[in-house]
Structures are given as structure tokens and as C-alpha cells.
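Analysis of the macromolecular model
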Amino acid sequence: MTNEPVKLRSSDIIYADLCYQINGILFEVFRTLGPGHLEKHYEKAIVKQFTDSGVNFKEQFYIPVEFKDKFIGKRFVDILVNDKIVIEVKKGQFVPALTISQTLDYLKILNLKLGFVACFTSKGVFIKRVLNLY
């Protein structure tokens, strides 16, 4: 066994082209709006960019919560892209562990592989990829 770093190819990245497009949109939103806005303002700007770019998405995607076949509540994903990628929009200097856990829960419930937590900070947008390996 060697200690050589793992070399990834673009073919190893889940939804590489779509991820590249999403990253570009998130950076464009921050570049244009700048820091200090509410989460909902960043979300609306992202939605506008997705619409302008022809990206298929659903905003505030509804997920019912059931227990033993009984409805007990509801949850909402900020943005669902191409029925493949969950995006949670946050504001602040770091990505809370609870947000990562919440995003992973959404991925498991929806049986999806990939989520992004886009955290808009005073210095830029920090994008955390969340993988559902189960």
C-alpha cells in the first residue's frame, strides 16, 4: 500500500457538468450581490440565474414527513436541480454541522446522491458538497 494521493478525473465527479454550472451560478450571484444579504435574497438571485440559464429546478421543494404511514410534518428543500442535486442556501461565516446533516437527510429521503450547501459569507460563497453514500 502506498501513500500516494488519489488522483481524480473529471469522470469521477458526480454530475460534473451540472456541478460546474451550479458553481458558476453561485459565484456569479455572490459577485453581483456581494455580502450582507438575507438567505432568501441569495436564494431568489440563484433562482433568477437558474431561470436565465435554462437550468431545470424546483424552489422550496416540499417533502412530507411520515411515521408509520401517517403524515406528521413537512420539510422544504431550498432548491432541487434537475431532480438530482439538493441546494441549501445559508448565510454566515461557516457551514453548521446541523445544516450538513439536514442536507444529507434530504438526500436520503429523496434517494439522491449529491447536495450542495452554499454558504454566503462576508468574503465569498463557500460551497460544501454533501454525498449520500448509502
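Residues numbered from 1 in each chain as written. Predicted model: local features only at pLDDT ≥ 70, side-chain atom pairs only at ≥ 80, totals over all residues. Heavy atoms only, no water.

Here we take up the overall build of the chain. Counting its regular elements, the chain contains three helices and five strands. When the elements of the chain are put in sequence order from the N terminus, they spell out α-α-β-β-β-α-β-β. Across its three principal directions, the C-alpha atoms of the chain cover 50 × 45 × 30 Å. Partitioning the contacts of the chain with sequence separation of at least 6, the portion at a separation of at least 24 is 55%. As displayed, the chain has an accessible area near 8700 Å², and 56% of this comes from carbon and sulfur atoms. Treating the 19 positive side-chain charges of the chain as one cloud and the 14 negative ones as another, the clouds have centres 3 Å apart. (Helix = DSSP H or I, 4+ residues; strand = E, 2+ residues; numbered from the N terminus. Contact = heavy atoms within 4.5 Å. Areas by Shrake-Rupley, 256 points an atom, 1.4 Å probe, with all protein chains shown as cover. Lys, Arg positive; Asp, Glu negative; His and termini not counted. Charge placed at Lys NZ, Arg CZ, Asp CG, Glu CD.)

Attention shifts here to helix α1 (residues 16-33). Given a rise of 1.5 Å per residue, 18 residues ought to cover 26 Å, and the 26 Å separating the end C-alpha atoms of α1 matches this to within 8%. In the core, the buried residues of α1 are packed alongside α2 (39-53), β2 (70-81), β3 (85-91), β4 (114-120) and β5 (125-131). (Expected span 1.5 Å × (residues − 1).)

This part covers the packing of α1 against α2. In contact at an axis separation of 10 Å, α1 and α2 are set at 125° when each is read in the N-to-C sense. As judged from the angle between their axes, α1 and α2 are oblique. In the packing of α1 onto α2, the handedness of the crossing is right-handed. Counted together, Gln21, Ile22, Ile25, Leu26, Glu28, Val29 and Leu33 of α1 and His41, Tyr42, Ala45, Ile46, Gln49, Phe50 and Ser53 of α2 form the full contact between these two elements. Class assignment of the residues belonging to the contact of α1 with α2 gives a composition of nine nonpolar, four polar and one charged. (Axes fitted to C-alpha atoms, helices over the stretch in contact; angles between N-to-C directions. Parallel < 35°, antiparallel > 145°, perpendicular 65-115°, else oblique. Left-handed = near helix turned anticlockwise from the far one by under 90°. Nonpolar A, V, L, I, M, F, W, Y, C, P; charged D, E, K, R; others polar.)

Taken in spatial order, the five strands of this open sheet run β1-β2-β3-β4-β5, and their pairing is mixed. Each of the sheet's edge strands pairs with one partner strand only, and the pair in question is β1 (57-67) and β5. Strand after strand, the sheet turns through a mean of 35° between neighbouring axes, direction not considered. (Pairing = 2+ DSSP bridges.)

The phi angle at Tyr15 is positive, at roughly 50°, despite the residue not being glycine. Relative to the helices and strands, Tyr15 is located in the segment before α1. Even without being a glycine, Gln60 presents a positive backbone phi close to 50°. Within the secondary structure, Gln60 sits in strand β1. Relative accessible area serves as the criterion here: at 36%, Gln60 is assigned to the partly exposed category. (Buried < 20%, exposed > 50% of the residue type's maximum accessible area, 1.4 Å probe, protein only.)

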